[in-house]
Amino acid sequence: IFEMISSAPPQNPLRYKELLYRLLALLLEEDAIERTSAGKYANLVPGVRLLRQTFLEDIPIGQFAQACNISASSFRSLFTQFYGVPPLRYRNQLRINYAMQLLAESRCTIEEAAETSGFHNLGYFCRLYKKATGETPGQTRSRYLD
């Protein structure tokens, strides 16, 4: 992210704001993982780290739960209590953020961004993307290509 900030053109203050927001989100996410290491959420840490490292892969929830030595239903329940969203929705948010980054920083097509982000159904990707960001993937792409 620091490389992106230093390479962003100075005439685009919105780009700086977006990059700063993304950096802060990463820091907050790491803080959230560290906060899980105490109390009833302590056993979530290995599963959350695995999920964040492998969000582009279609790993079933059971494997994240197995990394925590708890059942899949316990993992799902604790994860949802702590993060406010179920693990699969959280993974989709990570994927959408990654797709947004691809669309903003590269010349890949929407189809390539969807596939690279772990979405194998373009229509589903576009619906989730619009719901999460408020704009279509094409709008994001054209906003950054100008």
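Residues numbered from 1 in each chain as written. Predicted model: local features only at pLDDT ≥ 70, side-chain atom pairs only at ≥ 80, totals over all residues. Heavy atoms only, no water.

(A) Local environment of the pattern of salt bridges. This model, assessed by the stated rule, comprises two salt bridges. The shortest N-O distance in the salt bridge between Asp58 and Arg95 comes to 2.8 Å. Taken together, the residues Asp58 in the loop between α3 (45-53) and α4 (61-68) and Arg95 in helix α6 (residues 87-105) connect sequence positions 37 residues apart. A relative accessible area of 52% means that Asp58 is categorised as exposed. Assessed through its relative accessible area of 4%, Arg95 is described here as buried. With a shortest N-O distance of 2.5 Å, Arg143 and Glu135 are connected by a salt bridge. (Salt bridge = Lys/Arg side-chain N within 4 Å of Asp/Glu carboxyl O. Helix = DSSP H or I, 4+ residues; strand = E, 2+ residues; numbered from the N terminus. Buried < 20%, exposed > 50% of the residue type's maximum accessible area, 1.4 Å probe, protein only.)

(B) Up close: the environment of Phe75. Secondary-structure assignment places Phe75 in helix α5 (residues 72-83). Residue Phe75 is classed as buried on the basis of its relative accessible area, which comes to 0%. As a C-alpha pair, Phe75 and Ile61 span 14 residues in sequence and 8.1 Å in three-dimensional space. Setting aside residues no more than four positions away along its own chain, Phe75 makes contact with Leu44, Gly47, Val48, Ile61, Phe64, Ala65, Cys68, Ile70 and Pro87. (Contact = heavy atoms within 4.5 Å.)

(C) The arrangement of the environment of Tyr90 in detail. Here Tyr90 lies in helix α6. Judged by its relative accessible area of 6%, Tyr90 is buried. Between the C-alpha atoms of Tyr90 and Phe79, which are 11 residues apart in sequence, the distance is 9.5 Å.

(D) Looking closely at the packing of aromatic side chains. Here the structure, examined in full by the defined rule, presents 11 aromatic pairs. Among the aromatic residues, those joined into a cluster by ring pairs are Tyr41, Phe64, Phe75, Phe79, Phe82, Tyr83 and Tyr90. The ring of Phe119 carries Arg95 above its face, with NZ or CZ at 5.8 Å from the centroid. (Phe/Tyr/Trp six-rings, centres within 6.5 Å; stacked < 30°, edge-to-face > 60°. Lys NZ or Arg CZ within 6 Å of the ring centre and 35° of its normal.)

(E) Region of interest: unusual backbone geometry. One non-glycine residue, Asn69, lies in the positive phi region at around 60°. By the element assignment, Asn69 lies in the loop between α4 and α5. For Asn69, a relative accessible area of 71% translates into the label exposed.

(F) Up close: the confidence of the model for the protein chain. Looking at the protein chain as a whole, its pLDDT mean stands at 82, while 73% of the residues score no less than 70. Within the model, the stretch residues 1-5 combines pLDDT values under 50 with 12 contacts to residues more than four positions away or in other chains. (pLDDT = per-residue confidence, 0-100.)

(G) Molecular detail of the side chain of Arg91. As for its position among the elements, Arg91 is in helix α6. It is Asp58 that comes nearest to the buried, bridge-free Arg91 among opposite-charge side chains, at 4.9 Å. If we skip the residues at most four places from it in the chain, Arg91 touches Phe55, Glu57, Asp58, Ile59 and Phe64. (Lys, Arg positive; Asp, Glu negative; His and termini not counted.)

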